[in-house]
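# Structure assessment
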Amino acid sequence: MNARAAFPILLVGLVMLALPVAQAQEEDDSAAKAFAEGNALLQKGDFDGAQKAFGEAARAPGATAEHQQKFQLVRRVLAMRAALGREENPEKWQQTAAALRNFYYSHRLYEHLLALAQKMQERRPSPGSATLVADALLLLGRDAEAEKVLEGIAAADRTPQASVLLGLAKGRLSRVDAAKQVLADIQVLEPVSPRFLADLARLKVLCGDVEGGLATLTTAFEKTSA
C-alpha cells in the first residue's frame, strides 16, 4: 500500500481516536454547565431551581465529588427550610435555624439571612438575635436600620460584637465622632473570632486609624484556619 492510499485510512483512525476524547469533554462540560447554573440560581435565592440544576450536574457522566456534595447540601437546606415552618419544638427550631444561618452566611444570601434573623428575634428575643438582625441589615447596606436595632439593646447587654457593629453603623452614617466613642469603649476579650477582629479593623479604619486597622486585620488573618 503506497503512502497516498494509506493516508485516508490513517485520517479515519485519528478521527475515531478523537471521538471518545471529544465525547468525554462534552460530558464534563455538561456537568460543569449545570453546576454553574445551579450556583447562579442559588445566588439569586432560587433554591428549587438550584437543586434541579445541581441534580443534573450530579447525574451527568462527568460529575465530580463536588457536584454530588453541592446537590446533597442544597437538598438538606431545602428540607431544613421546610422543617422550620412546621417545627414546634423550640430547641429543634433554634438548631435548624442556626444551621440555615450558617449556610446563608457562607453563600452571602443576606436577604434570606435577614428574614431568618427576624424570625429568630420574634420567637426568642435576645441581644444575640438582635445583633444578628443588625448584622444582616449592615450586610445589605441598611445602616440606619441597623443602628436603630443595636441602640435598642441595653448598653449592659451589648456584646463586643454588637458594639463593633454599632460603631460601623454610625461610621457609615458619617457620625465618626460617635463611632470613635463606641470604639474607645470596646473591650477585646479573649478568645476572639476572626470575624470580630475583621469588623474591628473596619471600624478602626472608619475612625481614621488605618495603621491600627491593618494590624488588627493581620491578626484576624492569622487566627483564620486554612
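Details of the structure are given in the entry above.
As a starting point, this report considers the structure included with it. (Residues numbered from 1 in each chain as written. Predicted model: local features only at pLDDT ≥ 70, side-chain atom pairs only at ≥ 80, totals over all residues. Heavy atoms only, no water.)

## Details of the pattern of salt bridges
As a reminder, the rule being used: Each salt bridge in this description consists of a side-chain nitrogen of Lys or Arg and a carboxyl oxygen of Asp or Glu lying within 4 Å of one another. In this text, helices come from DSSP runs of H or I with a minimum length of four residues, and strands from runs of E with a minimum of two, each type numbered from the N-terminal end. Working definition: with a 1.4 Å probe on protein chains only, accessible area under 20% of the residue-type maximum means buried, over 50% means exposed, and in between means partly exposed.
Taken as a whole, this structure holds ten salt bridges when the rule is applied. The closest approach of N and O atoms between aspartate 199 and arginine 202, which form a salt bridge, is 2.5 Å. Highlighted residues: aspartate 199 and arginine 202, both in helix H10 (residues 194-206), separated by three residues, approximately one helical turn. Of the residues examined, aspartate 199 reaches a relative accessible area of 1% and is grouped as buried. When salt bridges that share partners are traced, they join Asp135, Arg195, Asp199 and Arg202 into one network.

## Describing the packing of helix H3 (residues 65-86) against helix H4 (residues 90-106)
Basically, it comes down to this: To get an axis, fit a line to the C-alpha atoms, keeping to the stretch in contact for a helix; angles then go from 0 to 180 degrees between the N-to-C directions. Throughout, the term roughly parallel applies to angles under 35 degrees, roughly antiparallel to angles over 145, roughly perpendicular to angles from 65 to 115, and oblique to all others. Left-handed is the label given to a crossing in which the near helix is rotated counterclockwise from the far helix by less than a right angle, and right-handed is the label when the rotation is clockwise. Contacts: residue pairs with any heavy atoms within 4.5 Å of one another.
Interhelical geometry of H3 versus H4 gives an angle of 135° and a closest axis separation of 10 Å. Of the possible angle classes, the one that applies to H3 and H4 is oblique. Crossing angle aside, the handedness with which H3 passes H4 is left-handed. Residues Leu73, Val77, Met80, Arg81 and Leu84 of H3 form the contact with H4, whose own contacting residues are Trp93, Thr96, Ala97, Ala99, Leu100, Phe103 and Tyr104.

## Re the nonpolar core
For clarity, the cut-off: We call a set of buried Ala, Val, Leu, Ile, Met, Phe, Trp, Tyr and Cys residues a nonpolar core when their side-chain atoms join them within 4.5 Å.
Phe47 and Tyr104 are the most contacted members of the largest nonpolar core, which totals 54 residues. The biggest single contributor to this core is helix H6 (residues 127-139), with seven residues. The residues touching phenylalanine 47, leaving out its near neighbours within four places in the chain, are Leu42, Val74, Val77, Leu78, Arg81, Phe103, Tyr104, Leu109 and His112.

As far as function goes, none of this settles anything; it's purely spatial.
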